[in-house]
Amino acid sequence: MAIREILTVPDPVLKQKSLPVEQVDDELRALMDDMLETMYEAPGIGLAAIQIGVAKRVIVMDLARQDEEPQPRYFVNPEILWRSDETAPYEEGCLSVPEIYDEVERPARVRLRYLNYEGELVEEDADGLYAVCIQHEMDHLEGVLFIDHLSRLKREQAVRKVKKQAKAA
Ligand code: K2U
Ligand code: ZN
């Protein structure tokens, strides 16, 4: 396993649309292992492959609290089959937009279909933080960042702040 570099704005790779995976094989599982190790080290609770520069429709996640056993989740070619009309706000952040947090309104519940770590088809409902995180990560697969849901002024302020942080580092 390896810890990979997480790309940050304004890297244009983050705006790429990720491509479907042909086959869940050992090579893809090695990528998912690296993604999970990278996510834990960041630390974060979700990560999309494009954030480490790989334009494949792959997401990893672990919503377990610090006092709980890790509960890694793997999503290959995830699709949202249904979204609730009801929406809910959440103060989001992003490992690719460091130290920027702002409220985003998203559907409160979604129905998902995806392939798991073994390549098996899974359909399940998500609500709460699970619904927020999977929609945030699936935005990444379309080249969309959470700041793209904010006003133009807030988005430009966020990118300027991240650029300034990178220069000072
Ligand atoms: O995509 C990412 O950078 C991973 C995010 C996932 C996430 C964003 C917004 C809301 C929930 C999850 C990172 O884990 S950001 C760190 C974080 C951790 C807990 C709650 C919110 C943000
Ligand atoms: Zn993100």
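Here's a quick rundown of the structure. Since we're looking at a predicted model, the values are computed, not measured.

All of the protein donors around the zinc ion (ligand 2) are Cys94 (SG), His136 (NE2) and His140 (NE2); their distances to the metal are 2.1 to 2.2 Å. Read N to C, the donor residues that coordinate the zinc ion (ligand 2) are spaced as C-x41-H-x3-H. Linking Cys94 in the loop between strand 4 (87-92) and strand 5 (102-107) with His136 in helix 2 (residues 128-141), this pair joins segments that are 42 residues apart in sequence. A relative accessible area of 11% means that Cys94 is categorised as buried.

Attention now moves to the sheet that holds strand 6 (residues 109-115). Strand order in the open sheet formed by five strands is 1-2-3-6-7, with antiparallel pairing between adjacent strands. A strand with exactly one partner marks an edge of an open sheet, and here the two such strands are strand 1 (46-48) and strand 7 (121-127). Between one strand axis and the next, the sheet turns by 40° as a mean value, whatever way the strands run. Taken together, the three bridges between strand 1 and strand 2 (residues 58-62) define a ladder with antiparallel strand orientation. By the bridge assignment for strand 2, Leu47 is matched with Val60. The strands touched by helix 1 (residues 26-41) are strand 1, strand 2 and strand 3 (72-83); relative to strand 2, the strand with the most contacts, the crossing angle is about 45°.

Here we come to the packing of aromatic side chains. Counting across every chain of the model gives three aromatic pairs. Geometrically, the ring pair formed by Phe75 and Tyr130 is tilted, given 6.2 Å between the ring centres and 45° between the ring planes. Of this pair, Phe75 sits in strand 3 while Tyr130 sits in helix 2, and the two are 55 residues apart along the sequence. Owing to a relative accessible area of 0%, Phe75 belongs among the buried residues under this scheme. According to the relative accessible area criterion, Tyr130 is buried, its value standing at 9%. Members of the aromatic cluster, connected to one another through ring pairs, are Phe75, Tyr114 and Tyr130. Sitting above the plane of the Tyr130 ring, Arg73 keeps its charged end 4.2 Å from the centroid.

Rules used in this analysis
- Residues numbered from 1 in each chain as written.
- Chains lettered and ligands numbered in written order.
- Predicted model: local features only at pLDDT ≥ 70, side-chain atom pairs only at ≥ 80, totals over all residues.
- Heavy atoms only, no water.
- Donors = N, O, S within 2.8 Å, 3.2 Å for Na, K, Ca; no water.
- Helix = DSSP H or I, 4+ residues; strand = E, 2+ residues; numbered from the N terminus.
- Buried < 20%, exposed > 50% of the residue type's maximum accessible area, 1.4 Å probe, protein only.
- Pairing = 2+ DSSP bridges.
- Axes fitted to C-alpha atoms, helices over the stretch in contact; angles between N-to-C directions.
- Contact = heavy atoms within 4.5 Å.
- Phe/Tyr/Trp six-rings, centres within 6.5 Å; stacked < 30°, edge-to-face > 60°.
- Lys NZ or Arg CZ within 6 Å of the ring centre and 35° of its normal.

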